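Letter by letter, the chains look like this.
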Amino acid sequence: GALFLARSNWRLAPFLFLFLYPPLYISSGGWMAGQRDIVATGFLLVASLLALPGWRREGLAMAGAGAAIAMAILIRPTFLSFLAGLALLELLPLTLHHARRSGRGTRLLRLCMGFGAVIGTVIIAGVLLGNIDDFYAQSVEFALSVYAGDPPQDWRDTLHLLFLRSWHWIAALALLGAAAWLWRDRAGFALFLLLGIMATSALSFIVQNMAFAYHLGGVLPVMALFVAAAFETLLRVRQQTNGATRLFTTAVLLLAALITLAGTGKKLLSLSDGGKMLIAGEIAPGDGYGLSEGERREIVALVREGSTSSDTVAVYGTHYDLPFRAQRLPPYRYFTPAAELVHPGFAHYDAWLAEIDDGLSARPPAFVIVDRRFIAGAPEQPVPAMRDRVILSRLIDHIDVGHAVAFVNENLVVYRALR
């Protein structure tokens, strides 16, 4: 992001961005900072940087831009629209800070070559590994069947939460920065690249049809870039004017600085207690999801001591870190609650359930870890709280045959197989 600003002829903004974005990123929360959208946006920013004209080896830079877009798409397939958008911007008569060293057609060809090289390599690897069919079934067919219909959340509530409550001051200053960039460059290539990233995030949010806030995570780094540009613009205007205009600009600059410091400080302050405990080794990054770090270590030790490296551990919920830390594999692949969204009309419904049944019988788990939100009754006699969940029902039936409670708290139950 800072390099992009520098290549776009901003002087102070790159340094402001380096100080502003990290605290905004780490305070955005695990569901935002740890999800694919904001990570994939980093690759789009790299692609945008390399797509700016004027690099000494422009052909190599454009190939790198195509490769970066491909990587973003492999992380978040709904970002594919950015490739088409970049090709369109390349053909438009936009303002450039550096002249192109090669023709538009050559630049587009190199862009496509870089994109095709990465995608082609992945396809060849998939063919050699034999998992192209699985990739298509899980990433395309399953996604299309799940994302159809009404979203689980109201998109208006999501936008209100993000832009009017959580990011309100960031959004306001970003609008000022975008306007300042437009005033400086008019129809600037660099500006439209950033607007293209925001449009890509918005389109991805719409296409995914889930209305989850983190699906708009790619907007945050772009807004931070605009905020940095806003501050540099205010400083320049203040230096170049005098009288009432200078006084007004100074007041706006001070107000923006105060809002930024207060907003960023408030976000960081919300993490202070957890940060102190994390440094002291008293908390894990996943604390707050029903387990303390001490309980996590207890369960991991329990699993390691009560099983061998060839045994499996089944998880129902989101505590995937426990078998990972214990170095145990699952008995079947479809172990996230999202897999419960399969329905009889799904093309691979019977095959997926058959794989789960086979895993429970051929590779019976030595331990079963279940989030108590999904079960009812006493831990010793659990019943599915959500009876229409076919995977959960199978797991409960398996627990009923030869398992005992090894760990329990108000949020989680760990069952050990009796051998």
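The present account deals with the structure reproduced in this document. All figures in this text were calculated on a predicted structure; none of them were measured in a lab.

What counts and how
Residues numbered from 1 in each chain as written. Predicted model: local features only at pLDDT ≥ 70, side-chain atom pairs only at ≥ 80, totals over all residues. Heavy atoms only, no water. Helix = DSSP H or I, 4+ residues; strand = E, 2+ residues; numbered from the N terminus. Buried < 20%, exposed > 50% of the residue type's maximum accessible area, 1.4 Å probe, protein only. Contact = heavy atoms within 4.5 Å. Areas by Shrake-Rupley, 256 points an atom, 1.4 Å probe, with all protein chains shown as cover. Lys, Arg positive; Asp, Glu negative; His and termini not counted. Charge placed at Lys NZ, Arg CZ, Asp CG, Glu CD. 1 Å grid on protein atoms, 1.4 Å probe; cavity = no way out; pocket = protein on both sides within 12 Å on 5 of 7 lines; lining within 4 Å. Points joined across faces, edges and corners; volume = space filled by probe spheres on them. Nonpolar A, V, L, I, M, F, W, Y, C, P; charged D, E, K, R; others polar. Pairing = 2+ DSSP bridges. Salt bridge = Lys/Arg side-chain N within 4 Å of Asp/Glu carboxyl O.

## Things to note about the overall build of the chain
In terms of helices and strands, the chain carries 18 helices and six strands. When the backbone C-alpha atoms are referred to their principal axes, the chain occupies close to 80 × 50 × 40 Å. Out of the 419 residues belonging to the chain, those deemed buried represent 43%. Contacts spanning at least 24 positions in sequence make up 72% of the contacts within the chain whose residues lie at least 6 apart. On the chain, roughly 21,200 Å² of surface is accessible, and the fraction owed to carbon and sulfur atoms is 65%. Taking the average place of the 35 positive charges on the side chains of the chain and the average place of its 31 negative ones, the gap between the two points comes to 16 Å.

## Let's talk about empty space enclosed by the protein
The probe, sized like a water molecule, is rolled over the atoms to show the empty space still left. By the definition in use, this model includes one cavity of 30 Å³ or more. Of the pockets and cavities examined, the largest cavity occupies roughly 60 Å³. Around the largest cavity sit R7, S8, L52, P53, T95, L96, H97, H98, F189 and A190, which together line it. Residues belonging to the lining of the largest cavity are distributed by class as follows: five nonpolar, four polar and one charged.

## Quick look at the pairing of strand 5 (residues 403-408)
Bridging between strand 5 and strand 6 (residues 412-417) involves five bridges; their strand directions are antiparallel. Residue pairing in the sheet places V408 in a bridge with V413 of strand 6. The antiparallel pairing of strand 5 with strand 6 creates a hairpin that spans three residues between the two strands.

## What about the pattern of salt bridges?
Pairs may arise between side chains of opposite charge once their charged atoms sit close together. Per the stated rule, a full pass over the model turns up 15 salt bridges. Here R394 makes a salt bridge to D357, at a shortest N to O gap of 2.8 Å. With R394 in helix 18 (residues 390-399) and D357 in helix 17 (residues 349-362), this residue pair connects regions lying 37 residues apart in the sequence. Its relative accessible area of 25% is what places R394 among the partly exposed residues. The salt bridge involving D371 is made with R373; its shortest N-O contact spans 3.0 Å.

## Examining the layout of surface pockets
Roughly 420 Å³ of internal volume is contained in the second largest pocket. Taken together, 17 residues form the lining of the second largest pocket, with S27, S28, S166, W167 and K267 sitting closest to its centre. Contributions of two or more residues to the lining of the second largest pocket are made by helix 3 (30-33), helix 9 (155-166), helix 10 (168-185) and helix 13 (243-269). With four residues, the single largest contributor to the lining of the second largest pocket is helix 9. Its residues assigned to classes, the lining of the second largest pocket shows eight nonpolar, six polar and three charged.

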